[in-house]
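A structural walkthrough
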Amino acid sequence: MVKNRVSWISKKERFGMNVIIVDRNKHESFLADHRQDPYTRQLIGVGDKIVICANCKTVYLESSWKIKGHCSINPKICESVNTLSSIPNQKAITHFSSKPTIKIVEKKTINKTAIALFVTIIIILLAIILFFSPKYFSYRKSADELIVVKQDVVSYENNIKELTQSNNKLATENNILKTNITTLEVKNKAFEEEVKNLKTINKGILSKHLMSIYSIEFKSTNYSSSTTYISYGNTLYSSLIYYLCPKISYNGAFEGNIKLSIKIIQPNGVLVTGNSSPSGYTYEQNMYCKKGYNTAELGGWGNSSGGTYSSGNYRIEFWYSNVCIGEKNFYIY
Ligand SMILES: [Zn+2]
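Figured I'd write up the structure that's included with this text. Source: prediction; values computed, not measured.

From N to C terminus, the protein chain includes 5 helices and 12 strands. Scored against the burial criterion, the 333 residues of the protein chain give a buried share of 19%. Residue pairs in contact within the protein chain that sit at least 24 positions apart in sequence constitute 63% of those at least 6 positions apart.

The structure is reproduced here in structure tokens:
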């Protein structure tokens, strides 16, 4: 004991700690515990230099204690700098040495491992439940459907893009066409105005160089029986009309044969026509034009059985060279 004391006193002076050399005979019960160094886990045996924490009784190899210079295997519990000068007897150290300390650490590790394992098992169980639950399958199905829908959306978006592009193109073309239409409408209006002016000029020219009709009267004759049913200027009754024959009063500007185109327009606005009608007119009539104020009895339009003219407002127009040179509204009773 004294010898041992002497040996650690000198080391304490050097390192500020008690170093005990494990002896086969003296520390038999200690060796029977098969202690390990808390850092290196090296089994402590005969001849090893050890340091024992005076507070928690943890047994260190000298080299391990010197890493920190104090008890440090579990800093939360113990950071004591005091060391024991000898290995306490078995009874006194029921709670001491590296083994229990390590055990605490191991316990904690085991506890942590156990908790981790438990949590993992719970997660796996939950995953299994979730995986086999119909709801999960429905989610999976929904997810699959969602992918299809997303693909559809992308395809629709592309279609929309294409349609928008062609729509823009069409809108541009439409604008161009609208501008063209506006231009053409303006031109058309100007053209119509010009036509009107030309017609007026033409009419003036025709009346100056051909004739102008200033009065129109009608009679009704049946050519087959050579009977006149209505004389010129009398009231026109539809039942008495066979051939409706106009008599024109005109001022002739020249002398010669001309061909007049005649339009008879029905109360509903439709041109009276027959098999012999030229395009756009009811009939054509040759006449001999004389200079000055004259009258001309013209051939009529109708048939020998009568009844072709129903009652209503009629209109007759005399055309020459695409210009109307005489017109009259008349009523058939
Ligand atoms: Zn300690």
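This is not the end of the story, as more comes after the structure.
This part covers the pairing of strand β4 (residues 211-222). For β4 and strand β6 (residues 243-252), the ladder comprises 10 bridges, and the chain directions are antiparallel. In the strand pairing of β6, Ser-212 is matched with Asn-251. When β4 meets strand β5 (residues 227-230), the two strands line up antiparallel, connected through 3 bridges. Across the sheet, Asn-222 pairs through a bridge with Thr-227, a residue of β5.

Attention now moves to the sheet that holds strand β11 (residues 312-320). Reading across from one edge, β8-β7-β11-β12 is the order of the 4 strands in this open sheet, with antiparallel pairing throughout. Unpaired on one side and paired on the other, β8 (283-289) and β12 (323-332) mark the two borders of the sheet. Taken over all neighbouring pairs, the strand axes of this sheet differ in orientation by 25° on average, direction set aside. The pairing of strand β7 (residues 256-265) with β11 spans 5 bridges and is classified as antiparallel. Residue Ile-265 lies in a different strand from β11, and its bridge partner there is Arg-315.

Taken together, the 3 strands give an open sheet; going across it, the order is β1-β2-β3, and neighbouring strands pair in antiparallel fashion. The open sheet has two edge strands with one neighbour each: β1 (20-21) and β3 (59-61). In this sheet, β3 lies alongside strand β2 (residues 49-52) in antiparallel orientation, the contact comprising 3 bridges. Of the residues in β3, the one forming a bridge with Ile-52 is Val-59.

With that settled, consider the environment of Ser-86. Position of Ser-86 among the secondary structure elements: in the loop between α3 (62-68) and α4 (98-132). For Ser-86, a count of 14 C-beta atoms within 10 Å translates into the label partly exposed. Each C-alpha atom of the pair Ser-86 and Ile-21 lies 9.5 Å from the other, and the pair is 65 residues apart in sequence.

Take the environment of Ile-44 next. By the secondary structure assignment, Ile-44 is in the loop between α2 (28-32) and β2. Residue Ile-44 is classed as buried on the basis of its 24 C-beta neighbours within 10 Å. Distance from Ile-44 to Phe-30, taken between C-alpha atoms, is 9.4 Å for residues 14 residues apart in sequence. Among residues more than four places away in sequence, those in contact with Ile-44 are Val-22, Arg-35, Gln-36, Asp-37, Ile-50, Val-59 and Leu-61.

What counts and how
- Residues numbered from 1 in each chain as written.
- Predicted model: local features only at pLDDT ≥ 70, side-chain atom pairs only at ≥ 80, totals over all residues.
- Helix = DSSP H or I, 4+ residues; strand = E, 2+ residues; numbered from the N terminus.
- Buried ≥ 20, exposed ≤ 12 C-beta atoms within 10 Å, placed from the backbone.
- Contact = placed C-beta atoms within 7 Å.
- Pairing = 2+ DSSP bridges.
- Axes fitted to C-alpha atoms, helices over the stretch in contact; angles between N-to-C directions.

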